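Notes for the structure review
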Amino acid sequence: MWNPIAYALGFIDCDHISARCMLTIFQFFAAKTEASILRMLEGSPQEYLHQPIVNYLTDRGTKIHTRRQVREIKFTESDSQSEVTGILVAQGEQEELITADAYVFACDVPGIQRVLPPSWRKWSEFDNIYKLEAVPVATVQLRFDGWVTELQDEAQRRQLTHAAGLDNLLYTADADFSCFADLALTSPADYYRPGQGSILQLVLTPGDPFIKESNEKIAQHVLRQVQELFPSARDLNMTWYSVVKLAQSLYREAPGMDPFRPAQTTPIPNFFLAGSYTQQDYIDSMEGATLSGRQAAKAILQFLNT
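Description of the structure in this document. Nothing here was measured: the structure is a model prediction, and the numbers come from that model.

Among the structural elements, Q264 can be located in the loop between β9 (238-246) and β10 (271-274). Relative accessible area serves as the criterion here: at 7%, Q264 is assigned to the buried category. Engagement of the side chain of Q264 in a polar contact is seen with the side chain of T278, the distance being 2.9 Å. Look past the residues within four positions of Q264 in its chain and what remains in contact with it is F271, F272, L273, T278, Q279, S292, Q295 and A296.

The following block contains the structure:
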């Protein structure tokens, strides 16, 4: 039971994950009666998670620019106090200096390590960030011409007029993927296709052995393990697959790493951090990222009101 949970939470096993991560989860589940309710998005994260947030912000005057690259953080430095004066942003060959009252960088671990000025490592709050490592992970999607998790009724498994099977997030200790789901059942708005069957999404953890493998080899490897878990799937055909590899994803929640996570405030008064790797009461996750953003917003308001 424990390894699948640890793999799903931090992409590493019980022998290598921090007790802080596991204790946080179980304390949360024990204290919140609604925390054990499983929720899945109706469809793709872009439409059902990100776009409502974008709409909320733009309705209130926020401008969102994508496909921009932060080239450099401009700042003044003195014995008394340092201050960010702007960020140099590039779109292709064009560069633009953005200035603001306060700056918040919401990044993952590799992103913040790339963008921080090297001279800032004189502060332990920034230098500790470089002690954090990220975990590789691979996500696989397999489409079938039937319903993989329909275990009882062969006719239901082979028909393609409606979805059938286990409508839930599933965990296993007997495969290289710790958690998986049939998206055609759990998120049907975007993933159910009339005339097609299951689309399993499976997360390979730990991802280290798979990063250098070809996508086809990974897909065939996962298919064999799916057929071991669901022997009924041997009568179905895989019609399509997709493999997405991230060499650096969540920060590695190994024992002793928690003290290196930075707060949202920094030694530079008008420069703030957000992201699930920063200090917050949850784990490195979407929920943790949301908490870090709320804490960063509170810190920025305090700074602007002083």
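Moving on from the model shown.
Looking now at helix α3 (residues 45-58). Its 14 residues place the ends of α3 18 Å apart at the C-alpha level, agreeing with the 20 Å of an ideal helix rising 1.5 Å per residue. The sharpest bend along α3 reaches about 40 degrees and sits at Q51, with the proline P52 one to four residues further on.

With that out of the way, let us pick up the sheet that holds β9. With antiparallel pairing, the five strands of this open sheet are ordered in space as β6-β7-β8-β5-β9. Since the sheet does not close on itself, it has two edges, and those belong to β6 (170-171) and β9, each with one partner. The pairing of strand β5 (residues 137-144) with β9 spans eight bridges and is classified as antiparallel. When the bridges of β9 are listed, F144 appears paired with M238. The sheet strands contacting helix α1 (residues 2-10) are β6 and β7 (177-182), and the helix crosses β7 at an angle near 75 degrees.

For the peptide bond that leads from T205 to P206, omega is -10 degrees, which places it in the cis range. With respect to the element layout, P206 can be found in the loop between β8 (199-204) and α9 (215-229). Of note in this structure, R67 is not a glycine but carries a positive phi near 55 degrees. Its place among the elements puts R67 in the loop between α3 and β1 (69-76).

On the surface, a cluster of nonpolar side chains totalling about 370 Å² of accessible area is made up of I53, Y56, L57 and I64. Here L57 lies in helix α3.

Time to look at the packing of aromatic side chains. Under the defined criterion, the tally for this structure stands at 10 aromatic pairs. Each ring, one from F75 and one from W120, has its centre 5.3 Å from the other, and the planes form 65 degrees; the classification is edge-to-face. On the criterion of sequence distance, the pair formed by F75 in strand β1 and W120 in the loop between α4 (109-115) and α5 (124-127) is long-range, its members being 45 residues apart. The class of F75 is partly exposed, set by a relative accessible area of 27%. With a relative accessible area of 0%, W120 lands in the buried category. Here the aromatic cluster, defined as three or more aromatic residues joined through ring pairs, consists of F75, F105, W120, W123, F126 and F271. Between the NZ or CZ atom of R121 and the centre of the ring of Y130, over which it lies, the distance is 3.9 Å. Here the guanidinium or amino end of K122 rests over the ring plane of W123, the centre of that ring lying 4.8 Å away.

What counts, and at which threshold
Here, residues in each chain are numbered from 1, in the same order as that chain's written sequence. Per-residue local features of the predicted model are confined to residues with pLDDT of at least 70, and side-chain atom pairs are confined, for both listing and counting, to 80 or more; whole-chain, interface and lining totals are unaffected and use all residues. The side-chain values count all of the structure's non-hydrogen atoms but skip hydrogen atoms and water molecules. Strands here are runs of E lasting at least two residues and helices are runs of H or I lasting at least four, both read from the DSSP assignment and numbered beginning at the N terminus. Each residue gets one of three labels from its accessible area relative to the maximum for its type: buried under 20%, exposed over 50%, partly exposed in between, using a 1.4 Å probe on protein chains only. Polar contacts, as counted here, are pairs of nitrogen or oxygen atoms within 3.5 Å of one another; within protein the pair requires one atom able to donate a hydrogen and one able to accept it, and residues that are adjacent in sequence qualify only if both atoms are side-chain atoms. The contact rule is simple, with two residues in contact once any of their heavy atoms fall within 4.5 Å. Multiplying one less than the number of residues by 1.5 Å gives the expected span of a helix. Take the seven residues that end at a residue and the seven that start at it, fit an axis to each, and the angle between those axes is the bend at that residue. Two strands make a pair as long as DSSP finds a minimum of two bridges between them. Working convention: axes come from line fits to C-alpha atoms, limited for helices to the stretch in contact. Angles between N-to-C directions cover 0 to 180 degrees. To count toward a patch, a residue needs a relative accessible area over 30% and no salt bridge; like charges are then connected within 9 Å, while nonpolar side chains (Val, Leu, Ile, Met, Phe, Trp, Tyr) are connected within 5 Å. Working definition of accessibility: Shrake-Rupley area with a 1.4 Å probe, residue cover restricted to the visible protein chains. Only one rule defines a salt bridge in this text: a Lys or Arg side-chain nitrogen within 4 Å of an Asp or Glu carboxyl oxygen. Only centres within 6.5 Å qualify two rings of Phe, Tyr or Trp (six-membered ring in Trp) as a pair; their planes then separate them into stacked at under 30 degrees, edge-to-face at over 60, and tilted for everything else. Charge-over-ring contacts are defined here by two conditions on Lys NZ or Arg CZ: a distance within 6 Å of the ring centre and an angle within 35 degrees of the ring normal.

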